[in-house]
Amino acid sequence: MMIPRMAPNLLFLSHFILLALPSTTPILSVSSLDVTAVLSAFPELSAFTALVSGTTIPSDLASRSSLTILAVPNSFLSASDDLTRHLPPTSLTDLLSYHVILQYLSPSDLRKILPSGSLLTTLFQTTGRAASNFGSVNITRDPSTNLVSVHSPAKFSPSNATVLGLVKTMPYNLSIFSLNALLVPYGTDLTASETRPTLNLNITKALIDGHDFNVAVSMLAASGVVEEFEADEGGAGLTLFVPTDTAFAELPSSNSLQTLPADKKSVVLKYHVLHSYYPLGSLESMVNPLQPTLATEDMGAGSFTLNISRVNGSLAIDTGIVLASVTQTVFDENPVAIFGVSKVLLPREYFGKNPSVSTKPGGTEMSSTLPPVVAPSPDSSPGYGGPPSHLTSPPGDIAGSTSNIVQRLILCSCCIVAYLLI
């Protein structure tokens, strides 16, 4: 007699648990998109992958989804190998960023391109170093041959490449297509090499000459990071946001910046530096305001970022808990720009409501704020189409949803026990 009674109870339990699960919460195992790992699976793209791996592009893309990468196979890249080897680091990064379209395109999407073409934004456009809309690519299709071409929107640009085929697609996060040539942003000269002499800027002296930066000078000297900054001048360049003495004086008494351990204090100082040279005009015209810092490179993609935008006609820097403004240009000569800012840039990872408590391997403390993540999707065959799926969710939402699920299941269990005892 027990078996007939338990069967409907089990059905009731299953039905109740399903009702308790929120329909809008995907229970997925998610991870950051590792573009280098995906490209490395294709030996014919090894040269292109090596170039990309030597730039900041993989970390720039780790927290993004809906991407299309236009990769150039080894056989077509060899002709440009000597040229790309001698490009300045920033120019090489810009060149390769021009091969990353910031939206997912399937093979069927390319077949639907109109002969008149479609203008699409690339990662290069978001750097602020692209003139006008020349950081975009124009994709066209020849209706007689169905060949798809990619070129600069500049009217007289000689750069032009043809899509050879699909390499990989991960709906609806990532597609990789192969091209028969490198795409060159308008105004970039592949025959140019780095001829600018080393600047050898003494950052400490530049700040002393700028006046009102005594506290910052003392902190930089005590931490030793200023030597790291000066050693990096010959790379992609640096942009420093240095708080004035007044900014330090206005820190609330509850602020614990000065009591931070030395390693955390160094991270905060690196948080004030972008790993590229941005003159004021480039900062003001940034398309993507969210910028990684030197601290991002140490602590992980998606953490310790700055939001840079124009507010009421002024250049504003938002950390999530502090909104500062650029008050003056202290120094600006390629590859180093130094700007004075009105407030100390306090990262939310250390000074927010839930400061960092975890550590990276080796003991370095790591932010508890995780970067946005991309759910892995299965490969699809060419021509696979359909509406984008919602595969990403802020980490906080996932954690909150999990908590809600547990609470509802506990409530359900109590209800079931009471029911069985009746």
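How each quantity is defined
Residues numbered from 1 in each chain as written. Predicted model: local features only at pLDDT ≥ 70, side-chain atom pairs only at ≥ 80, totals over all residues. Heavy atoms only, no water. Pairing = 2+ DSSP bridges. Helix = DSSP H or I, 4+ residues; strand = E, 2+ residues; numbered from the N terminus. Core = buried A, V, L, I, M, F, W, Y, C linked by side-chain atoms within 4.5 Å. Buried < 20%, exposed > 50% of the residue type's maximum accessible area, 1.4 Å probe, protein only. Contact = heavy atoms within 4.5 Å. Polar contact = N/O pair within 3.5 Å; in protein donor to acceptor, adjacent residues only side chain to side chain. Phe/Tyr/Trp six-rings, centres within 6.5 Å; stacked < 30°, edge-to-face > 60°. 1 Å grid on protein atoms, 1.4 Å probe; cavity = no way out; pocket = protein on both sides within 12 Å on 5 of 7 lines; lining within 4 Å. Points joined across faces, edges and corners; volume = space filled by probe spheres on them. Nonpolar A, V, L, I, M, F, W, Y, C, P; charged D, E, K, R; others polar.

1. Observations concerning the sheet that holds strand β1 (residues 67–71)
- If you trace the seven strands from one edge of the open sheet to the other, you get β2-β1-β7-β6-β5-β4-β3, paired in mixed fashion. Here the strands that pair on one side only, and so sit at the sheet edges, are β2 (100–101) and β3 (118–121).
- Examined bridge by bridge, β3 and strand β4 (residues 136–141) share four bridges and lie antiparallel to one another. Along β4, the bridge assignment pairs T121 with S136.

2. Considerations on the nonpolar core
- In terms of nonpolar packing, the biggest core is built from 52 residues, with L207, F229, L240, F241 and I338 touching the most fellow members.
- Discounting chain neighbours no more than four positions away, the residues touching L207 are F213, V217, L220, V242, V330 and I338.
- Of all hydrophobic cores here, the second largest spans 45 residues; its members include L61, L96, V150 and L174.

3. Considering unusual backbone geometry
- Backbone torsion omega between P171 and Y172 reads -5 degrees, so that peptide bond is classified as cis.
- Inspection of the secondary structure assignment puts Y172 in the loop between β6 (160–170) and β7 (174–179).
- The phi dihedral of S66 falls on the positive side, at around 60 degrees, and the residue is not glycine.
- Residues other than glycine seldom take positive phi values, yet H211 does so here, at roughly 65 degrees.
- By the secondary structure assignment, H211 is in the loop between α9 (203–210) and α10 (214–223).

4. Structural notes on the side chain of T239
- Structurally, T239 can be placed in strand β8 (residues 238–243).
- Accessibility expressed as a relative area gives 0% for T239, which makes it buried.
- Within polar-contact distance, the side chain of T239 engages the backbone nitrogen of Y278 at 2.8 Å.
- In this structure T239 touches H272, V273, L274, S276, Y277, Y278, L283, A337 and F339, once residues within four positions along its chain are discounted.

5. A closer look at the packing of aromatic side chains
- For the structure on display, the rule yields five aromatic pairs.
- Aromatic side chains Y98 and F124 sit 6.1 Å apart centroid to centroid with 90 degrees between the ring planes, which places their arrangement in the edge-to-face category. Placement of Y98 in the loop between α7 (89–97) and β2 and of F124 in the loop between β3 and β4 is noted, with a sequence separation of 26 residues between them. Considered together, Y98 and F124 belong to a single accessibility category, that of buried residues.

6. Quick word on the pairing of β8
- Counting buried residues along β8, six of its six residues qualify, which places the element largely inside the surrounding structure.
- Going residue by residue along β8, you find L238, L240 and V242 tucked away on one face and T239, F241 and P243 tucked away on the opposite face as well.
- Alignment of β8 against strand β14 (residues 336–341), held across six bridges, turns out to be parallel. Paired with V242 across the strands is G340, a residue of β14.
- Inspection of the sheet shows β8 paired to strand β9 (residues 273–274) by two bridges, in the antiparallel sense. Paired with L240 across the two strands is V273, which belongs to β9.

7. Description of the sheet that holds strand β13 (residues 323–333)
- The seven strands are arranged β9-β8-β14-β13-β12-β11-β10 in an open sheet whose pairing can be described as mixed. Where the open sheet ends on each side, the last strands, each with one partner, are β9 and β10 (290–292).

8. A look at the environment of T68
- Tracing the chain through its elements places T68 in strand β1.
- Separated by 38 residues in sequence, T68 and S106 have C-alpha atoms that sit 8.7 Å apart.
- Leaving out residues up to four positions away in the same chain, T68 has contacts with H99, V100, I101, Q103, Y104, L105, S175 and F177.
- Within the structure, T68 has its side chain in polar contact with the backbone nitrogen of L105 (distance 2.9 Å).

9. As for α7
- With respect to burial, α7 is a largely interior element, seven of its nine residues being buried.
- Among all positions of α7, only T90, L92, T93, D94, L95, L96 and S97 are buried.

10. Looking at the environment of V341
- Mapping V341 onto the fold places it in strand β14.
- Between the alpha carbons of V341 and T327 there is a distance of 5.3 Å; along the sequence they are 14 residues apart.
- Not counting residues within four places of it along the chain, the set of residues in contact with V341 comprises F241, V242, P243, T244, A247, I317, S325, V326 and T327.

11. Let's talk about empty space enclosed by the protein
- Scanning all chains against the criterion turns up three cavities of 30 Å³ or more.
- Approximately 120 Å³ is the volume attributed to the largest cavity.
- What lines the largest cavity is a set of 15 residues, and nearest its centre among them are L220, F241, P243, L269 and H272.
- Residue assignment for the lining of the largest cavity shows that the elements contributing at least two residues are α10, β8 and α13 (262–270).
- Tallying contributions element by element places β8 first for the lining of the largest cavity, with four residues.
- Its residues placed into classes, the lining of the largest cavity shows 14 nonpolar, one polar and no charged.

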